[in-house]
Amino acid sequence: MPILSAQNISLRFSGPPLLDNASFDIEAGDRICLVGRNGEGKSTLLKIIQGTMGMDSGDIVKRTGLKVSRMVQEIPAHMEGTVRDVVMGGIAQDGHHDAHAEAILGKTGIAADALFDGLSGGQKRRVLFARAVAENPDLLLLDEPTNHLDIPAIQWLEGIVSRLECAVLFVSHDRAFVRRVATRIFELDRGRVRTWNFPYDKFVQFRDQALAEEEKANKLFDKRLAEEEVWIRKGIQARRTRNEGRVRALIKMRQERAERRTRTGSVNMQITEAERSGRLVARLTDVSFAYEGAPLISHFSTEVSRGDRIGIVGPNGSGKTTLLKLILGEIQPDEGDIRLGTNLQIAYFDQMRTRLREDKSLVENVGDGQAYITLNGVRRHVLSYLQDFLFSAERARGPISALSGGERNRLLLACLFSHPSNVLVLDEPTNDLDMETLDLLAELLADYNGTVIVVSHDRAFLDSVATGIFAIEDGGNVFEAVGGYTDYENNRKIREKEAANAARIAEERADSRVSGAAQAQNFAKNAQNQPNLAKKKKRSYNEEREYAALPEKIEKLEAEIADFQAELAKPEVYTDAKRIVELQKELADRESELEKAYERFGELDSLGG
């Protein structure tokens, strides 16, 4: 029995209906991702479900007493009070709810008495999420919950959402988050909602097949319609003898074709490229930078060469934008040296979108007062260029204040790509962009002949774009990894396991030395008390062979343990519960064997040869 059922919902503002007889059901415990192109109406649909926006027609049937809460997409410009005030603000004051709210408040990792307005964007998102969950809803609505969150915070969010008992309907462009959380997909396409009872990757496969079949059927329909139009236009004699049923069928076909809605087109982006830069883009030598006494970057040396595609990652506030500015020479280091290459023409995507002028239209933002721009030697009208980014002529002449977050990012990309560059610097370019546009942007960056430096928390996007990662870790240390984010993450897990193993071995050796010294003291004491002790026992022939073989056995067991630990660190393994159990059992068996081998070696070593 559904907890909520939408029946033939329709809503139109201007132009085609935003929602066109959309219907779907939500069951208890569902974790549903609502996907669709920018501007299709995903946020609007969440508002209708919550009841904060009306509709032209249709019904929302809810289970009696159903409680719905929503985390909004945009962070409020100002909210009074502390973190505790904000989290508790949306709940009824009774003991049960207070206890639940206190539990989720504690999981944010943010001081309860901190002022909300003083938090970073990522921290505010965590608090707003906690506020929505604290209401203890039966249905939780999340609108782009990963925006402004760093990767550890996104992973924290994944864990919380995956364990919630309530149903969850969320909008997200973060493919890695969707893959880990969603069990079903709702696709909002041309006003209708298609339900797919699959995880994300399987949904993409079946959706692409369905779209291919739809395109094939449309082509057959259009061909038949064209043939019927030829028939109806035949001469007088043909019209006298024409089949009136066939005429009625043609009229129906014309109406059906007129009502057909085509899918929103794809962005047609291209980057205006400048002349090539020199081979060296930037060289950093033992660079350090601190802010208010706290080290952000510590003794970092690297070289960025023409054609590199560098992803910069790290927790919120760790200094990612600072590292960007150091690489570009915009700020000087406290220590160390920075050398920039020659003929650098840099295009900078600012995550705060400060380049956009709110008092100007889209055309004025791109054209700087000119009707035409030149892209890679080709003169284009600004309106035509903006159509490549899915802005109609009417929208392009309007103010940017009316644009959604995704549309603003598309406009900023249009501004950025219209100017010649050989170094692209993108600071959080993926926020609010739909997945199709993200895919196209990743392909565009892969074909770009210049250098790309991108700050992003989108793991799938980094895997598609980056050939190297600069990861800001504890104490301002910057770790360089080859490949995308997954390669870095695997490397980090191996390093953590190696460090833990090294610490464990050092501790065991320290304990062994203490134990050995104590044994020697006891032996000496006993020897003084018993001067006529029998001579020390020697190893037998079989014990001597066992003693000689033990070092090789120990080395083999240690190598197997390292292999199992590396296998456990692979992404495809830590999502496979059955394989994890198998590997953990094998690892435990080998560690037990290794411990026994060490003990036996110690016993035999104490005997004379």
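Trainee: Please set out the sheet that holds strand β12 (residues 309-313) residue by residue, giving values where relevant.
Mentor: Strand order across the open sheet formed by 6 strands is β14-β17-β18-β12-β19-β20, with mixed pairing between neighbours. Of all strands in the sheet, those bounded by a partner on one side alone are β14 (346-349) and β20 (478-482). In this sheet, adjacent strand axes meet at a mean angle of 15° when their direction is disregarded. Inspection of the sheet shows β14 paired to strand β17 (residues 423-427) by 4 bridges, in the parallel sense. Bridging across to β17, Tyr348 finds its partner in Val425. Helix α14 (residues 405-417) contacts β14 and β17 of the sheet and is inclined by roughly 170° relative to β14.

Trainee: Before we move on, can you summarise the sheet that holds strand β1 (residues 4-11) with the specific residues and values?
Mentor: Across the sheet, which stays open at both edges, the 3 strands sit in the order β2-β1-β4 with antiparallel pairing between neighbours. Two strands in the sheet have a free side with no partner beyond their single neighbour: β2 (19-26) and β4 (57-62). Taking each pair of neighbouring strands and ignoring which way they run, the sheet shows an average axis angle of 10°. Pairing analysis gives 5 bridges linking β1 to β2, with the strands arranged antiparallel. Bridge assignment links Ala6 to a residue of β2, and that residue is Phe24.

Trainee: A description of empty space enclosed by the protein should follow, citing residues and the corresponding values.
Mentor: Tallied over the full model, the rule gives 1 cavity of 30 Å³ or more. For the largest cavity, the calculated volume is near 40 Å³. Looking at the lining of the largest cavity, its residues break down into 8 nonpolar, no polar and no charged.

Trainee: Give a detailed account of the packing of aromatic side chains, specifying residues and quantitative values.
Mentor: Counted by the stated rule, this structure contains 10 aromatic pairs. When the ring of Tyr385 is compared with that of Phe389, the centres are 5.2 Å apart and the planes differ by 65°; the resulting orientation is edge-to-face. We note that Tyr385, like Phe389, is buried. Grouping aromatic residues by their ring pairs yields a cluster made of Trp196, Tyr200 and Phe203. A cation sits over an aromatic face here: Arg126 above Trp156, 4.3 Å from the ring centre. Directly above the ring of Tyr372 sits Arg379, whose terminal nitrogen or CZ lies 4.0 Å from the centroid.

Trainee: Now, about α14: what can you tell me, with residues and values included?
Mentor: An α-helical turn contains 3.6 residues, so a residue and the one three or four places further along point in the same direction. When the terminal C-alpha atoms of α14 are compared, their 18 Å separation across 13 residues agrees well with the 18 Å that a helix rising 1.5 Å per residue should span. Burial within α14 is extensive, with 13 of its 13 residues counted as buried.

Trainee: Just give me the short version of the pairing of β12, but keep the residues and values in it.
Mentor: In terms of residue burial, β12 counts as a mostly covered element, since 5 of its 5 residues are buried. Going residue by residue along β12, you find Arg309, Gly311 and Val313 tucked away on one face and Ile310 and Ile312 tucked away on the opposite face as well. Note: β12 against strand β19 (residues 468-472), 4 bridges, orientation parallel. Its bridge partner being in β19, Ile310 is matched across the sheet by Gly468.

Trainee: Let's hear about unusual backbone geometry: which residues, and what values?
Mentor: Residue Asn376 is not a glycine yet carries a positive backbone phi of 50°. Position of Asn376 among the secondary structure elements: in the loop between β15 (372-375) and β16 (378-381). At Glu428, a position not held by glycine, the phi torsion is positive, near 55°. Structurally, the position occupied by Glu428 is in the loop between β17 and α15 (435-447).

Trainee: Please set out the pairing of β15 residue by residue, giving values where relevant.
Mentor: Of the two faces of β15, only the one carrying Ile373 and Leu375 is buried; Tyr372 and Thr374 on the other face are not. Pairing of β15 with β16, which is carried by 4 bridges, proceeds in the antiparallel orientation. Looking across to β16, one finds that Thr374 is bridged to Arg379.

Trainee: Could you give me a rundown of the environment of Asp85, with the residues and numbers involved?
Mentor: The residue Asp85 is located in helix α2 (residues 83-88) in this model. Separated by 46 residues in sequence, Asp85 and Arg131 place their C-alpha atoms 9.5 Å apart.

Trainee: For the nonpolar core, give the residues involved together with the corresponding values.
Mentor: With 49 residues, the main nonpolar core has Val366, Leu386, Phe389, Leu411, Phe417, Leu424 and Leu445 as its most contacted residues. Element by element, the count of residues in this core is highest for α14, at 7 residues. Beyond its immediate chain neighbours, meaning those up to four positions away, Leu445 contacts Ile271, Arg309, Leu424, Leu426, Val452, Phe461 and Val465. Core analysis: the next-biggest nonpolar cluster, separate from the first, contains 43 residues, Met79, Ile104, Val168 and Phe203 among them.

Trainee: Break down the pattern of salt bridges for me, with residues and values.
Mentor: By the definition in use, this model includes 31 salt bridges. For the salt bridge of Arg190 with Glu214, the shortest nitrogen-to-oxygen distance reads 2.7 Å. Here the residue Arg190 occupies a position in the loop between β8 (184-189) and β9 (192-196), and Glu214 occupies one in helix α7 (residues 200-232), the gap between them amounting to 24 residues. What makes Arg190 buried here is its relative accessible area of 11%. Of the residues examined, Glu214 reaches a relative accessible area of 21% and is grouped as partly exposed.

Trainee: Go over helix α4 (residues 121-134), please, and point to the residues and values.
Mentor: Here α4 contains 14 residues, and its C-alpha end-to-end distance of 20 Å stays within 8% of the 20 Å for a straight helix at 1.5 Å per residue. Taken across its 14 residues, α4 has 11 buried, putting it largely inside the fold. Turning to α4, its buried residues are Gly122, Lys124, Arg125, Arg126, Val127, Leu128, Phe129, Ala130, Ala132, Val133 and Ala134.

Trainee: An account of the packing of α7 against helix α9 (residues 244-259) is requested, with residue identities and associated values reported.
Mentor: Following both chains from N to C, one finds α7 and α9 inclined at 135°, their axes separated by 10 Å at the closest point. What the angle tells us is that α7 and α9 run oblique. The chirality of how α7 crosses α9 is left-handed. The residues of α9 that touch α7, namely those facing Phe221, Asp222, Arg224, Leu225, Glu228, Glu229, Trp231 and Ile232, are Arg246, Val247, Leu250, Met253, Arg254, Glu256 and Arg257.

Calculation rules
- Residues numbered from 1 in each chain as written.
- Predicted model: local features only at pLDDT ≥ 70, side-chain atom pairs only at ≥ 80, totals over all residues.
- Heavy atoms only, no water.
- Pairing = 2+ DSSP bridges.
- Helix = DSSP H or I, 4+ residues; strand = E, 2+ residues; numbered from the N terminus.
- Axes fitted to C-alpha atoms, helices over the stretch in contact; angles between N-to-C directions.
- Contact = heavy atoms within 4.5 Å.
- 1 Å grid on protein atoms, 1.4 Å probe; cavity = no way out; pocket = protein on both sides within 12 Å on 5 of 7 lines; lining within 4 Å.
- Points joined across faces, edges and corners; volume = space filled by probe spheres on them.
- Nonpolar A, V, L, I, M, F, W, Y, C, P; charged D, E, K, R; others polar.
- Phe/Tyr/Trp six-rings, centres within 6.5 Å; stacked < 30°, edge-to-face > 60°.
- Buried < 20%, exposed > 50% of the residue type's maximum accessible area, 1.4 Å probe, protein only.
- Lys NZ or Arg CZ within 6 Å of the ring centre and 35° of its normal.
- Expected span 1.5 Å × (residues − 1).
- Core = buried A, V, L, I, M, F, W, Y, C linked by side-chain atoms within 4.5 Å.
- Salt bridge = Lys/Arg side-chain N within 4 Å of Asp/Glu carboxyl O.
- Parallel < 35°, antiparallel > 145°, perpendicular 65-115°, else oblique.
- Left-handed = near helix turned anticlockwise from the far one by under 90°.

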